[in-house]
Amino acid sequence: MKFTIVTPIYNTDIYIKRCVESVVRQTETDWEWIFVDDCSTDNSICVVKDIVSEFSIADKVRFLKTEKNSGPGEARNVGLRMALGTYIVFIDSDDWIEPNYLELLHSAMADTMDFSYCQALEHNGNMKKMLVNPHYSSQKQLLCGYVGRIWTCMFRTSFLRENNIEFPPYRAAEDSAFFAACIVSTDRIASIENVLYHYVIYSKSVSHKFDPYKTQQKKSSFKWLIKYTKDKGLFSTFALQLSFIYLKKAIAVPFMERIKKLL
């Protein structure tokens, strides 16, 4: 098996069909898709199974489940632990990908890279915005400029497992902490300029509003990252960059969100 796709499912909506269609259209066909039910409270899994049947890909799909509702990070971990593919990507259920998403990310990996990443386009109603990942030149440079869009990345599965990299067990910034853990663990990173991922946000989504609970969860995710780097003996090498990340993402961003709420 060449590729594993992991998608968390929690009370998914109508956009999952568009997501499935975009995967079916991939120029690379040697893939498995793991859907992880994060203890949905509606009939999400039944809907997904109907769509999977409609596209005749049931033989390429597995359904797993978290023990309790734990957020997308732990759902992705469940899929990662069971992945059979040499390479792994994480796609959210309401997003979609370009037909050559798997092909071009894999081509960038060559035989030596541990992960590669592309560019994305954000969709917010009728508004579109480029989500630009910086071109890779060094680990320290990428640490200071990255955002944590793990759905723009393809990882070598063995790289994640050998370095014990999983998503931290929190409900905010878990993807950013995961991505940073990957960056500090290897310099075999490839970046490409192609826009291959379409990310959907909703103007009323609580994930884009100030939330004291999520602020604390962000801090916990980055404290997890600090501990990971210390356990690996990497903290001293990236101390300045990691401190910058913590101040920016765990302190400054929540502060600005709170200010916007008050205005």
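Rules and cut-offs
Residues numbered from 1 in each chain as written. Predicted model: local features only at pLDDT ≥ 70, side-chain atom pairs only at ≥ 80, totals over all residues. Heavy atoms only, no water. Helix = DSSP H or I, 4+ residues; strand = E, 2+ residues; numbered from the N terminus. Rg over C-alpha atoms; globule rule 2.2 N^0.38 Å. Buried < 20%, exposed > 50% of the residue type's maximum accessible area, 1.4 Å probe, protein only. Contact = heavy atoms within 4.5 Å. Areas by Shrake-Rupley, 256 points an atom, 1.4 Å probe, with all protein chains shown as cover. Pairing = 2+ DSSP bridges. Phe/Tyr/Trp six-rings, centres within 6.5 Å; stacked < 30°, edge-to-face > 60°. Lys NZ or Arg CZ within 6 Å of the ring centre and 35° of its normal. Axes fitted to C-alpha atoms, helices over the stretch in contact; angles between N-to-C directions. Parallel < 35°, antiparallel > 145°, perpendicular 65-115°, else oblique. Left-handed = near helix turned anticlockwise from the far one by under 90°. Nonpolar A, V, L, I, M, F, W, Y, C, P; charged D, E, K, R; others polar. Expected span 1.5 Å × (residues − 1). Arc of directions from axis to C-beta. Salt bridge = Lys/Arg side-chain N within 4 Å of Asp/Glu carboxyl O.

Check the secondary structure of the protein chain and you find nine helices and nine strands. At 18 Å, the protein chain has a C-alpha radius of gyration in line with the 18 Å of a compact globule built from 263 residues. Counting only C-alpha atoms and orienting by the principal axes, one finds that the protein chain spans roughly 50 × 45 × 35 Å. Across the 263 residues in the protein chain, those meeting the buried criterion constitute 53%. Looking at the protein chain alone, contacts between residues at least 24 apart form 80% of all its contacts between residues at least 6 apart. For the protein chain, the accessible surface area stands at approximately 12,300 Å², while carbon and sulfur atoms represent 54% of it.

Here strand E6 (residues 115-124) runs beside strand E7 (residues 127-131); their pairing, made up of five bridges, is antiparallel. Of the residues in E7, the one forming a bridge with Glu-122 is Lys-129.

Tallying each qualifying case throughout the model produces 18 aromatic pairs. Among the aromatic side chains, those forming a connected cluster through ring pairs are Phe-90, Phe-115, Tyr-117, Tyr-146, Phe-155, Phe-159, Phe-167, Phe-178 and Phe-179. Over the aromatic face of Phe-167 sits the side chain of Arg-76, whose NZ or CZ is 5.2 Å from the ring centroid. Sitting over the face of the ring of Phe-235, Lys-230 holds its NZ or CZ atom 5.0 Å from the ring centroid.

Our focus in this paragraph is the pairing of strand E4 (residues 87-90). Alternating positions in E4 separate into two faces, Tyr-87 and Val-89 on one and Ile-88 and Phe-90 on the other, with burial throughout. For strand E1 (residues 3-9) and E4, the ladder comprises four bridges, and the chain directions are parallel. Across the sheet, residue Phe-3 finds its bridge partner in E4, namely Tyr-87. Here E4 runs beside strand E8 (residues 153-156); their pairing, made up of two bridges, is antiparallel.

Now for the packing of helix H7 (residues 174-185) against helix H8 (residues 212-231). H8 packs onto H7 with a crossing angle of 20° between their chain directions and a minimal axis gap of 8 Å. Judged by the inter-axis angle, H7 sits roughly parallel to H8. Where H7 crosses over H8, the handedness of that crossing is right-handed. Judged by residue contacts, Glu-174, Ser-176, Ala-177, Phe-178, Ala-180, Ala-181, Val-184 and Ser-185 of H7 engage Ser-221, Phe-222, Trp-224, Leu-225, Tyr-228 and Thr-229 from H8. Considered class by class, the residues forming the contact of H7 with H8 number nine nonpolar, four polar and one charged.

Here we come to helix H9 (residues 239-262). In a regular helix each residue adds 1.5 Å, so 24 residues correspond to 34 Å; H9 covers 34 Å between its end C-alpha atoms and thus fits that length. Those residues of H9 that sit buried are Gln-241, Leu-242, Ile-245, Lys-249, Ala-250 and Pro-254. Looking at the packing, one finds that the buried side of H9 touches helix H5 (139-145), H7 and H8.

Right, let's get into unusual backbone geometry. The residue Asn-11 is not glycine, and still its phi comes out positive at about 45°. For Asn-11, the location among the structural elements is in the loop between E1 and helix H1 (16-24). We note that Cys-39 has phi near 55°; this positive angle belongs to a residue other than glycine. Looking at the element boundaries, Cys-39 is found in the loop between strand E2 (31-37) and helix H2 (44-54).

Further remarks concern H2. Within the sequence span of H2, burial applies to Ser-44, Ile-45, Val-48, Ile-51 and Val-52. Around the axis of H2, the buried residues are gathered within 125° of arc, so they sit on the same side. Relative to its buried face, H2 has exposed residues pointing more than 90 degrees away, namely Asp-50 and Ser-53. Trailing H2 by a residue or two, Ser-56 shows a phi angle of about 55°, which is positive.

Under the criterion given, the structure shown has ten salt bridges. Note that Glu-74 and Arg-81 form a salt bridge whose closest N and O atoms lie 3.1 Å from each other. Residue Asp-92 is joined to Arg-76 by a salt bridge in which the shortest nitrogen-to-oxygen separation is 3.4 Å. Of this pair, Asp-92 sits in the loop between E4 and strand E5 (96-97) while Arg-76 sits in helix H3 (residues 72-82), and the two are 16 residues apart along the sequence. Residue Asp-92 shares its accessibility class with Arg-76, and that shared class is buried. Taken together, the shared-partner salt bridges connect Glu-74, Arg-81 and Glu-166 into one network.

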